[in-house]
Amino acid sequence: MINVENIKKSFSGQVILDEINLKIPSGEILAILGESGTGKSVLLKTIMGLLKPDGGKVEIDGVNMTKLPERKKLDLRKKIGYLFQEGALYDFMNVFENIAFPLKEHTKLSRGDIKEKVLNVLKVVDLEGVEAKYPTELSGGMKKRVGLARSIILDCKVLLCDEPTSGLDPIRSRDISDLIRDVSKKINCTTVITSHDIENAFRVSDRLALLREGKFVAIGTQQDLESSEDLFVKDFIR
Amino acid sequence: MNVIIKPCINFIFSLGRAFCFLGEVLWCIISGRIRFGELLKQIYEQGLQSVVIIALTSLASGIVLALQGYVMMVRFGAKEYIAQLVALSLVRELSPVFTALIFSGKAGARIAAELGTMNVNDQMLATRTLGVDPIEFLVAPRMLACILVLPLLTVFSEIVGIAGGYYIGVHEANIPSSFYINQTLKSIRFVDFFSGFAKIIFFSGIVGWVCCYQGYSTKGGSLGVGKYTTNAVAYSYILVIVFNTILTKVILTLWE
Ligand SMILES: Nc1ncnc2c1ncn2[C@@H]1O[C@H](COP(=O)(O)OP(=O)(O)OP(=O)(O)O)[C@@H](O)[C@H]1O
Ligand SMILES: [Mg+2]
C-alpha cells in the first residue's frame, strides 16, 4: 500500500533521512519510533508529499507521489488523513467548522447529516460540548484530538498521525491509541503513526520501526524488538 | 564580483517566484474557482476595516486643500476656482494615492499577517492535506476582495473629500452653495475621473499581489510574520509611489 524507496532528505547540508526503505502492506498499523529530532515528522511529511525528497520515491496505492503534479496530489489526499503534531486547526473557524470542513469540501451531505457526523466523531474523541469553541480556547491535547477528529471524518484509505499521543495524559493516551486502532481496523486503512511513547506505540501498532540517524535500526513486531540484541534498541524500549 | 552577482540572481529568482504566484492566483480566478462565501467575508472585513480612517483622511485633505486654496486664490481674486482645485486634485491624484497607501497599511498588513500566521502554524499545509488548494481557499478570495474593494473606497474617498472642500468653500469662502456644486460637476471631465480610476485599478492589483505574496511566502515563526508583514507594507508603499509617478507621466502624455 505504502512503498517508500531510497528516500533521501537533508536540510542545508544536514542529512535527516538517509536512503530510507519501507514497505507497509494494506491495513497494517506501523509505528515509527525515534528520539526527538531524528526526522519522524519529516518522513511523515515526505510520505504525504508535503516535503519534496532529495532522492527516492514514495508510492501510495501504486501511485508515485513524488512525481505527481500538485493538483493530482490534492485529489489523492482526499483519501489520506493527516494529523499534524500541533493539530494545525484553522484558528478562524470553531471546532465544529474545523471538523465539518472536509465534509463540506468533498461530500454532498446535507447540513443535518454533517452535524450528526461531527457530533458523533466529537463523542468518539471524548470532546462533547466544545463544538462552539475556537482553537485558541483549547488545550494542546484537546487541539490534537480535534485534529484527529478532522483527519478521520472522511473514511480514508491511509491515515498518517504525527505523535497522536504526545501531550496527553496517560489515560487519554491509551484511549486515543485504542481509538486509532479501532478506527483503522474498522475502515481497514493503512496507518502510520510516529511516537516516542513506547507503551502506546506497542498498544497501537502491528509493527514498529525505529529510526536513528537517518536509518531504520530495527523494523518488526513488539516481540522482534524486545528480543533484539542491538544496544540502542534495548536502551530505547527499556 | 560575487557580492554583486549573488544578490542580483537572488532578486531575479524571487521576482520570478512572485510572478509565478501571481499567475497561479490569476489562473485560479480566471478558471472560475472562486469561493463567493469567502470573498464576501473578505470584502466586508477589508472594506469595513479601512472605511473610517479613509473617510477621516479624505475629509481632512478636502478641508486643507480648500483652506490653502482659498488663501492662494483670494490673492488673485479667483476664489471661485476653489471647487475646481479641490475636485481635480482629489480625483486625479490625492484620493487614489492616499487610499492605496492607507489601505495597504491596514487591510494589506492584515492580509499578510493572517496568511503568514497560517503558514507558520501549518494551517496552509493542513489545507493541502485536506485536499484543498490553499491558493483557491485562502489567497484568491483575499486578493480578489482587495481588487474589488480598493476602487470602491477610492470613489468614496473622493466624495468625502469633495464634501470637506464644499464645507469650507461655502462657509469660509462664502461661495454660493449651488455655484460650488455646479463648478465641481463641471470641472470633472471623464478623463479626469478615468485617469484616477486607472491608477487605482493598478494600485489595487499591486497591493493585493504584494501583500498576499508576502503572507504566502512567510516562514520563520513569529519573527517571520513580523518581517514579512513589514515587507508587505513597505513594498506596497514603494511600488504605489513609484508607479504613481510613472502612471501620471504616461496618462498626461496620452490624454492631454
Ligand atoms: N523546515 C525545516 N528546515 C530545516 N530543518 C528542518 C526543517 N524541518 C525539520 N528540520 C530538521 O530536521 C530534523 C528532524 O525534525 P523532525 O521534526 O522530523 O523531528 P521529529 O523526529 O519529528 O522530532 P519530535 O519527536 O520532536 O517531533 C530536526 O533536526 C530539524 O532541525
Ligand atoms: Mg515530530
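Residues numbered from 1 in each chain as written. Chains lettered and ligands numbered in written order. Predicted model: local features only at pLDDT ≥ 70, side-chain atom pairs only at ≥ 80, totals over all residues. Heavy atoms only, no water.

## Notes on the domain arrangement of chain A
All names here are of chain A. Each assigned domain of chain A is listed here: domain 1 (2–79 + 157–237) and domain 2 (89–155). Relative placement of domain 1 and domain 2: their C-alpha centres are 24 Å apart. In this assembly, 15 residues from domain 1 lie in contact with 12 residues from domain 2. Summed over both sides, the interface of domain 1 with domain 2 buries roughly 1100 Å², with 69% coming from carbon and sulfur. It is Lys 78, Arg 172 and Leu 179 in domain 1 that bury the most area against domain 2; as a group they hold 38% of the surface buried on that side. At the junction of domain 1 and domain 2, the tally comes to one salt bridge. When the shortest N-O distance is used, the salt bridge between Arg 172 and Asp 126 registers 3.2 Å. (Domains from an automatic or database assignment. Contact = heavy atoms within 4.5 Å. Buried area = accessible area lost by both parts, 1.4 Å probe. Salt bridge = Lys/Arg side-chain N within 4 Å of Asp/Glu carboxyl O.)

## Here we look at the layout of surface pockets
Residues and elements named next belong to chain A. In this model, the second largest pocket occupies a volume close to 380 Å³. Forming the walls of the second largest pocket are 14 residues, and the residues nearest its centre are Val 121, Val 124, Ile 152, Asp 155 and Lys 186. Looking at the lining of the second largest pocket, the elements with two or more residues in it are helix H4 (111–124) and helix H6 (170–186). For the lining of the second largest pocket, the element with the highest residue contribution is H4, accounting for six residues. (1 Å grid on protein atoms, 1.4 Å probe; cavity = no way out; pocket = protein on both sides within 12 Å on 5 of 7 lines; lining within 4 Å. Points joined across faces, edges and corners; volume = space filled by probe spheres on them. Helix = DSSP H or I, 4+ residues; strand = E, 2+ residues; numbered from the N terminus.)

## So, the interface of chain A and chain B
One widely used convention gives an interface's size as the accessible area the parts lose upon coming together. With 22 residues of chain A at the interface, the matching set in chain B holds 19 residues. For the chain A and chain B pair, buried surface summed over both sides reaches about 1800 Å², with 60% attributable to carbon and sulfur atoms. The three residues of chain A that bury the most area against chain B are Leu 74, Tyr 90 and Phe 92 of chain A, which together make up 27% of that side's buried surface. At the boundary of chain A with chain B, the tally comes to three salt bridges. As a salt-bridge pair, Arg 35 of chain B and Glu 105 of chain A come within 2.6 Å of each other at their nearest N and O atoms. The interface formed by chain A and chain B contains seven residue pairs in polar contact (both at pLDDT 80 or more). Among the elements of the structure, helix H1 (40–48), helix H2 (70–77), strand E6 (80–83) and helix H3 (95–106) of chain A are those that each provide at least two residues to the side of chain A that touches chain B. Looking at the side of chain A that touches chain B residue by residue, the class counts come to 13 nonpolar, one polar and eight charged. (Polar contact = N/O pair within 3.5 Å; in protein donor to acceptor, adjacent residues only side chain to side chain. Nonpolar A, V, L, I, M, F, W, Y, C, P; charged D, E, K, R; others polar.)

## Things to note about the coordination of the magnesium ion (ligand 2)
Residues and elements named next belong to chain A. Note on the magnesium ion (ligand 2): its protein donors are Ser 41 (OG) and Gln 85 (OE1). The metal-donor distances range over 1.9 to 2.2 Å. Note that Ser 41 is positioned in helix H1 and Gln 85 in the loop between E6 and H3, a separation of 44 residues in sequence. A relative accessible area of 29% means that Gln 85 is categorised as partly exposed. (Donors = N, O, S within 2.8 Å, 3.2 Å for Na, K, Ca; no water. Buried < 20%, exposed > 50% of the residue type's maximum accessible area, 1.4 Å probe, protein only.)

## A few points about H3 of chain A
Taken as a whole, H3 of chain A has its buried residues at Val 95, Asn 98, Ile 99, Ala 100, Phe 101, Pro 102 and Leu 103 of chain A. Structurally, H3 of chain A contributes buried residues whose contacts are with H4 and helix H5 (140–152) of chain A together with helix H5 (134–171) of chain B. Two to three positions downstream of the cap, the backbone nitrogen of Phe 96 of chain A sits 3.2 Å from a side-chain oxygen, assigning the N-cap of H3 of chain A to Asn 94 of chain A.

## A short note on the sheet that holds strand E4 (residues 55–60) of chain A
Residues and elements named next belong to chain A. Within the open sheet, the four strands sit side by side as E2-E1-E4-E5. Their pairing is antiparallel. Only two strands of the sheet have a single neighbouring strand rather than two, namely strand E2 (14–24) and strand E5 (63–64). Strand direction decides the pairing type here: E4 and E5, joined by two bridges, are antiparallel. Across the sheet, Glu 59 pairs through a bridge with Asn 64, a residue of E5. (Pairing = 2+ DSSP bridges.)

## Observations regarding the nonpolar core
All names here are of chain B. Residues Phe 21, Val 25 and Phe 103 are the most contacted members of the largest nonpolar core, which totals 46 residues. Ranked by the residues each element gives to this core, the list is headed by H5, at 12 residues. In this structure Phe 103 touches Gln 46, Ser 50, Gly 108, Cys 146, Val 149, Leu 150, Leu 153 and Val 207, once residues within four positions along its chain are discounted. (Core = buried A, V, L, I, M, F, W, Y, C linked by side-chain atoms within 4.5 Å.)

## Description of the packing of aromatic side chains
Scanning the model with the defined rule gives 14 aromatic pairs over all chains in all. When the centroid spacing of 5.3 Å and the interplanar angle of 45 degrees are considered together, the rings of Tyr 90 of chain A and Phe 92 of chain A count as tilted. Residue classification places Phe 92 of chain A among the partly exposed residues on the basis of a relative accessible area of 25%. Aromatic rings pair up to connect Tyr 90, Phe 92 and Phe 101 of chain A together with Phe 137 of chain B into one cluster. One Lys or Arg, Arg 150 of chain A, reaches over the ring of Tyr 90 of chain A and ends 5.6 Å from the middle of that ring. Arg 212 of chain A extends its terminal NZ or CZ atom over the ring of Phe 232 of chain A, reaching a point 4.1 Å from the ring centre. (Phe/Tyr/Trp six-rings, centres within 6.5 Å; stacked < 30°, edge-to-face > 60°. Lys NZ or Arg CZ within 6 Å of the ring centre and 35° of its normal.)

## Section: empty space enclosed by the protein
All told, the structure shown has two cavities of 30 Å³ or more when counted by the stated rule. Taken as a whole, the largest cavity spans an internal volume of roughly 100 Å³. If you go around the largest cavity, you meet 13 residues; those closest to its centre are Ile 80, Gly 81, Ser 151 and Leu 154 of chain A together with Leu 130 of chain B. Secondary structure elements with two or more residues in the lining of the largest cavity: E6, H3 and H5 of chain A. Top element by residues in the lining of the largest cavity is E6 of chain A. It accounts for three residues. Residue composition of the lining of the largest cavity, by class: six nonpolar, four polar and three charged. Empty space within the second largest cavity amounts to approximately 40 Å³. Taken together, Ile 54, Thr 57, Ser 58, Ser 61, Leu 90, Ser 95, Phe 98, Thr 99, Ile 102 and Ser 157 of chain B form the lining of the second largest cavity.

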